[in-house]
Amino acid sequence: MAYKLKKGIFKVACKHPGCPFDAEIEITQNIMGMTEEDVEIEAKKIVKDMALIKHDAMFGTKHSLSSPTIRKTSGIFEAVGAKTTSLINQSEAVKYKEYKKGDKILKKGDIATTICEVVKGSAFVDKNKAHTYNVGDTFGAAALLINQTRTADIICGEDGTTIAFYNLKELSKKDPRKAKELYTEAMEDIFDVISEMESVIDNLEKELEKENMVSENRKERISALERELLESNKKISEFEGKHSFK
Ligand SMILES: [Zn+2]
């Protein structure tokens, strides 16, 4: 199982004698882990960092946050997937698969029927290594909505990477809330893809403009040469007229 924390709120108090710091900190990040403990540890790290900043802003000139107590006051741990090690809990709605580093998770051109979510590890787009998908990120949605086939190779980034393949149609029957969440994330992914495409198009347009300018310059140069030629022809005929050798 993978877990994630929803709407986590933590209380952080400073142990420095007489310090009134007692802040409520809400986690808005999507924190996931393989156990509830993992998620809580991860969440507390983030809360501590946020508390340090908050504390410094208030009492930073006097002392820094000293051995703070951090406790969760609200928030629920949600199971994200079924057991990743066995195939028993696989359903029509979601299937899990584990990969080794370098494995091809999606192949360009394959028929797309699922949206993928990184449950553990990471993956990246083959032709654009800068575009990395980490735990909680979804990919593969563009194909579902745009052209029905996978638009790029997606490569596994590290050993043990686990990917959930969601069938949105089946999932919306069993877990409409998760389906809606995935759909929203997928739309965001599509917007990312679209904005990347837009920047590619922008660059192409700029290149084209440059080309046009070059060919515009060439046209000008040619008509200038043509004018010069006409001028010289005129001069030659004038010269011949004056010095008739008939
Ligand atoms: Zn303090």
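Owing to the predicted nature of the structure, the values given are computational and were not obtained by experimental measurement.

## Regarding the overall build of the chain
Turning to step 1, where the next piece is worked out: Helix and strand content of the chain: four helices and twelve strands.
Turning to step 2, where the next piece is worked out: The C-alpha extent of the chain, read off along each of the three principal axes, is 115 × 55 × 30 Å.
Turning to step 3, where the next piece is worked out: In the chain, which comprises 246 residues, the proportion classed as buried is 26%.
Turning to step 4, where the next piece is worked out: Restricting the contact set of the chain to residue pairs at least 6 apart, pairs at least 24 apart contribute 72%.

## A short note on the sheet that holds strand β10 (residues 138–139)
Turning to step 1, where the next piece is worked out: Within the open sheet, the four strands sit side by side as β5-β12-β7-β10. Their pairing is antiparallel. Strands with a single pairing partner mark the edges of an open sheet, and in this sheet they are β5 (94–99) and β10.
Turning to step 2, where the next piece is worked out: Taken together, the five bridges between strand β7 (residues 115–120) and strand β12 (residues 161–166) define a ladder with antiparallel strand orientation. Directly across from isoleucine 115, in β12, lies its bridge partner tyrosine 166.

## Here's the deal with the nonpolar core
Within soluble globular proteins, side chains that are nonpolar tend to cluster in buried spots.
Turning to step 1, where the next piece is worked out: Ranked by internal contacts, the top residues of the largest apolar core, which has 46 residues, are Ile105, Val119 and Ala123.
Turning to step 2, where the next piece is worked out: Counting contributing residues per domain, this core is built from domain 1 (3–79) and domain 2 (94–196), each supplying no fewer than three.

## Section: the environment of threonine 114
Turning to step 1, where the next piece is worked out: Summarising the element assignment, threonine 114 is placed in the loop between β6 (104–106) and β7.
Turning to step 2, where the next piece is worked out: Spatially, the C-alpha atom of threonine 114 lies 17 Å from that of phenylalanine 124, the residues being ten residues apart in sequence.
Turning to step 3, where the next piece is worked out: When neighbours within four sequence positions are excluded, threonine 114 is seen to be in contact with Gly140, Phe165, Tyr166 and Asn167.

## Quick word on helix α1 (residues 36–59)
Turning to step 1, where the next piece is worked out: Its 24 residues place the ends of α1 33 Å apart at the C-alpha level, agreeing with the 34 Å of an ideal helix rising 1.5 Å per residue.
Turning to step 2, where the next piece is worked out: Val39, Glu40, Ala43, Lys44, Val47, Ala51 and His55 are the residues of α1 that are buried.
Turning to step 3, where the next piece is worked out: Elements that come into contact with the buried residues of α1 comprise β1 (3–13), β2 (22–27), β3 (32–33) and β4 (69–79).

## With respect to the domain arrangement of the chain
Turning to step 1, where the next piece is worked out: Under the domain assignment used here, the chain contains domain 1 (3–79) and domain 2 (94–196).
Turning to step 2, where the next piece is worked out: A straight line from the C-alpha centre of domain 1 to that of domain 2 covers 31 Å.

## Focus on unusual backbone geometry
Generally, phi is negative for residues other than glycine and the peptide bonds are trans, each holding for most cases.
Turning to step 1, where the next piece is worked out: The phi dihedral of lysine 7 falls on the positive side, at around 50°, and the residue is not glycine.
Turning to step 2, where the next piece is worked out: Note that lysine 7 resides in strand β1.
Turning to step 3, where the next piece is worked out: In this model, serine 67 sits at a positive phi of 20°, which is unusual for a non-glycine residue.
Turning to step 4, where the next piece is worked out: Among the structural elements, serine 67 can be located in the loop between α1 and β4.

## Focus on the pairing of β7
Turning to step 1, where the next piece is worked out: A large share of β7 lies buried, amounting to six of its six residues.
Turning to step 2, where the next piece is worked out: Where β7 and β10 come together, two bridges link them in antiparallel fashion. When the bridges of β10 are listed, glutamate 117 appears paired with threonine 138.

## Details of the pairing of β4
Turning to step 1, where the next piece is worked out: Across the eleven residues of β4, one count as buried, placing the element largely on the outside.
Turning to step 2, where the next piece is worked out: Strand direction decides the pairing type here: β1 and β4, joined by nine bridges, are antiparallel. Counted as the bridge partner of lysine 6 is isoleucine 76 from β4.

## Digging into helix α4 (residues 176–242)
Turning to step 1, where the next piece is worked out: If you check α4, its first and last C-alpha atoms are 97 Å apart, about what 67 residues at 1.5 Å a residue would give, namely 99 Å.
Turning to step 2, where the next piece is worked out: Counting buried positions over the 67 residues of α4 gives three, only a small fraction of the element.
Turning to step 3, where the next piece is worked out: When we look at burial in α4, the residues that qualify are Ala179, Leu182 and Ala186.

## Points about the environment of glycine 109
Turning to step 1, where the next piece is worked out: For glycine 109, the position within the fold is in the loop between β6 and β7.
Turning to step 2, where the next piece is worked out: A residue is classified by how many C-beta atoms lie within 10 Å of it, and glycine 109, with 12 of them, is exposed.
Turning to step 3, where the next piece is worked out: The sequence separation of glycine 109 and alanine 143 amounts to 34 residues, and the corresponding C-alpha distance is 9.3 Å.
Turning to step 4, where the next piece is worked out: Beyond its immediate chain neighbours, meaning those up to four positions away, glycine 109 contacts Thr149 and Arg150.

Rules and cut-offs
Residues numbered from 1 in each chain as written. Predicted model: local features only at pLDDT ≥ 70, side-chain atom pairs only at ≥ 80, totals over all residues. Helix = DSSP H or I, 4+ residues; strand = E, 2+ residues; numbered from the N terminus. Buried ≥ 20, exposed ≤ 12 C-beta atoms within 10 Å, placed from the backbone. Contact = placed C-beta atoms within 7 Å. Pairing = 2+ DSSP bridges. Core = buried A, V, L, I, M, F, W, Y, C linked by C-beta atoms within 7 Å. Domains from an automatic or database assignment. Expected span 1.5 Å × (residues − 1).

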